[in-house]
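# Descriptive analysis of the structure
Residues per chain are reported as follows:
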Amino acid sequence: MDADGRFAGYASIFSRLDSGGDIVQPGAFAKSLAKRRGRIRLLFQHDPKEPVGIWEELREDAHGLFAAGRLVPGVPRADALRKLIETRALDGLSIGFRTVKASRQNGQRLLHEIDLYEISIVTFPMMDQARIASTLTAGAAIAAATKTIRNR
């Protein structure tokens with residue numbers, strides 16, 4: 001987290017099984033990111049009554065859905081989240097979406113196209129590797145990807 005409340009990490013990792021039995025496929029967010037540019041909300045715990053900031057960058061890369069956002073100062077929940085993120089007491093990210101196209105394979109649901117509505121800061125993410133990076137630098141994406149790869 002930087003002095004302006006900016007943070008970054010991965011909200012979803014491609015080709016990894018989450019605790020709900022879903023596996024997001026590369027490219028699943030492409031149409032939604034193009035369609036909803038600037039309207040994907042930054043919430044706390046998926047609660048539509050708890051907007052806490054704005055997403056400044058959302059993009060797919062080879063690893064997953066990279067998200068860089070900024071907490072809005074003066075919003076009580078955002079101010080509290082800032083302290084929790086700075087101390088690493090809270091670092092989970094989770095996506096809120098509608099499934100557009102999916103298939104089944106070996107008991108898992110493969111998500112090929114997702115209509116993304118929001119990304120939340122959460123206590124317990126469905127995808128354990130969906131986390132806010134510990135440092136916000138030009139290499140935040142690399143740090144998050146390296147951590148995930150090491151945990152495989």
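Residues numbered from 1 in each chain as written. Predicted model: local features only at pLDDT ≥ 70, side-chain atom pairs only at ≥ 80, totals over all residues. Heavy atoms only, no water.

Take helix α2 (residues 76-86) next. All of the buried residues in α2 are A78, L81 and I85. Viewed end-on, α2 has its buried residues packed into an arc of 60°, placing them on one side of the element. Facing away from the buried side of α2 by more than 90 degrees, the exposed set consists of P76 and K83. Buried positions along α2 lie against β3 (41-44), β4 (47-60), β5 (64-71) and β7 (108-122). (Buried < 20%, exposed > 50% of the residue type's maximum accessible area, 1.4 Å probe, protein only. Helix = DSSP H or I, 4+ residues; strand = E, 2+ residues; numbered from the N terminus. Arc of directions from axis to C-beta. Contact = heavy atoms within 4.5 Å.)

Before going further, it helps to spend a moment on the environment of E50. Relative to the helices and strands, E50 is located in strand β4. Given the relative accessible area of 18%, E50 is considered buried. A C-alpha to C-alpha distance of 9.6 Å links E50 and V75, two positions 25 residues apart in sequence.

For the rest of this paragraph, the subject is the pattern of salt bridges. Tallied over the entire structure, the rule returns 15 salt bridges. Between D115 and K35 there is a salt bridge, with the nearest N and O atoms lying 3.6 Å from each other. Of the two residues, D115 is situated in strand β7 and K35 in helix α1 (residues 30-35); the sequence distance between them amounts to 80 residues. Note on D115: relative accessible area 4%, which makes it buried. The shortest N-O distance in the salt bridge between R131 and D128 comes to 2.7 Å. When its relative accessible area of 18% is taken as the criterion, R131 is described as buried. (Salt bridge = Lys/Arg side-chain N within 4 Å of Asp/Glu carboxyl O.)

With that settled, consider the side chain of R36. With respect to the helices and strands, R36 occurs in the loop between α1 and β3. For R36, a relative accessible area of 13% puts it in the buried group. For R36, the side chain forms a polar contact with the side chain of D115, separated by 2.8 Å. The residues contacting R36, other than those within four sequence positions of it, are D115, L116 and Y117. (Polar contact = N/O pair within 3.5 Å; in protein donor to acceptor, adjacent residues only side chain to side chain.)

Quick look at the nonpolar core now. With 35 residues, the main nonpolar core has F29, W55, L93, I119 and I121 as its most contacted residues. Sorting the residues of this core by element identifies β1 (6-13), β3, β4, β5, α2, β6 (92-105) and β7 as the ones contributing at least two each. Ignoring anything within four residues of it in the chain, the contact list for I119 reads A11, I40, R41, L42, L43, W55, L58, L65, A67, L93, S94 and I95. (Core = buried A, V, L, I, M, F, W, Y, C linked by side-chain atoms within 4.5 Å.)

The next thing to look at is the confidence of the model for the protein. Scored by pLDDT, the protein has a mean of 90; 88% of the residues are at 70 or more. The secondary-structure element of the protein with the lowest mean pLDDT is helix α3 (residues 140-150), recorded at 50, while β3 shows the highest, at 98. (pLDDT = per-residue confidence, 0-100.)

This part covers unusual backbone geometry. Phi is positive for S15, close to 60°, though the residue is something other than glycine. Along the chain, the position of S15 falls in the loop between β1 and β2 (22-24). Under the relative-accessibility criterion, S15 is labelled partly exposed at 48%. Phi is positive for Q45, close to 55°, though the residue is something other than glycine. Among the structural elements, Q45 can be located in the loop between β3 and β4. The class of Q45 is partly exposed, set by a relative accessible area of 33%.

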